[in-house]
Amino acid sequence: QVQLVESGGGLVQAGGSLRLSCAASGRTLSNYDMGWFRQAPGKERAFVVGISWTDSTYYADSVKGRFTISRDNAKNTVYLQMNSLKPEDTAVYYCAAGLPGSMYSRQFVYWGQGTQVTVSS
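Residues numbered from 1 in each chain as written. Predicted model: local features only at pLDDT ≥ 70, side-chain atom pairs only at ≥ 80, totals over all residues. Heavy atoms only, no water.

Enquirer: Please provide a residue-by-residue account of the state of the cysteines, values included.
Expert: Taken as a whole and judged by the stated rule, the model has one disulfide. Residue pairing for C22: its cysteine sulfur links by disulfide to C95, the two sulfurs lying 2.0 Å apart. Given an S-S torsion of about -80 degrees, the disulfide between C22 and C95 has left-handed geometry. Within this pair, whereas C22 is found in strand β3 (residues 18-25), its partner C95 is found in strand β9 (residues 91-98), the two being separated by 73 residues in sequence. Accessibility classification places C22 together with C95 in one group, the buried group. (Disulfide = S-S within 2.5 Å. Helix = DSSP H or I, 4+ residues; strand = E, 2+ residues; numbered from the N terminus. Buried < 20%, exposed > 50% of the residue type's maximum accessible area, 1.4 Å probe, protein only.)

Have a look at this one:
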């Protein structure tokens, strides 16, 4: 199975940037769909962005133009570059992996432990 570990969260002021990393072990990520989800205080987990094994991407409307997902095959790592951060982006961010098609079905079966992102106003 796939083990995922997120890192890179922290405190940032509104308008700032963070880059989250998701390091995988157990399997290579090249043939998996990957995604980022977030869970804000008092809310349910929400889809942020997905990237297919063919590198097709899909972004939630709330982050289009601000967030970018990418892969580094050599490091077996997926990144989430977050720019122009807003207080509403405050959440625990989770990396997820799934079989091809997961990006569209939103049914990712492997999950990381999450990393906290806090955006101050």
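Enquirer: Pulling in residues and values, what's your account of the side chain of S21?
Expert: Within the fold, S21 resides in strand β3. Given a relative accessible area of 15%, S21 falls into the buried group. The residues touching S21, leaving out its near neighbours within four places in the chain, are V5, E6, S7, W36, T77, V78 and Y79. (Contact = heavy atoms within 4.5 Å.)

Enquirer: Account for the pattern of salt bridges, with residues named and values stated.
Expert: The full count for this structure, using the stated rule, is four salt bridges. D55 serves as the salt-bridge partner of R71, at 3.4 Å between the closest nitrogen and oxygen. Within this pair, whereas R71 is found in strand β7 (residues 67-72), its partner D55 is found in the loop between β5 (46-51) and β6 (57-59), the two being separated by 16 residues in sequence. Given the relative accessible area of 24%, R71 is considered partly exposed. For D89, the salt bridge goes to R66, with nearest N and O atoms at 2.7 Å. Taken as a pair, D89 in the loop between β8 (77-82) and β9 and R66 in the loop between β6 and β7 lie far apart in primary sequence, 23 residues in all. Ionic contacts of the salt-bridge type, sharing partners, join the residues R38, R66 and D89 into one network. (Salt bridge = Lys/Arg side-chain N within 4 Å of Asp/Glu carboxyl O.)

Enquirer: Requested: an account of the layout of surface pockets, with residues and values cited.
Expert: In this structure, the largest pocket encloses a volume near 190 Å³. Around the largest pocket, the lining is made up of 14 residues, and of these R38, A40, K43, A46 and E88 lie nearest the centre. Listing elements by their share of the lining of the largest pocket, those giving two or more residues are β4 (33-39) and β5. It is β5 that provides the largest number of residues to the lining of the largest pocket, a total of three residues. Broken down by class, the residue content of the lining of the largest pocket amounts to seven nonpolar, three polar and four charged. (1 Å grid on protein atoms, 1.4 Å probe; cavity = no way out; pocket = protein on both sides within 12 Å on 5 of 7 lines; lining within 4 Å. Points joined across faces, edges and corners; volume = space filled by probe spheres on them. Nonpolar A, V, L, I, M, F, W, Y, C, P; charged D, E, K, R; others polar.)

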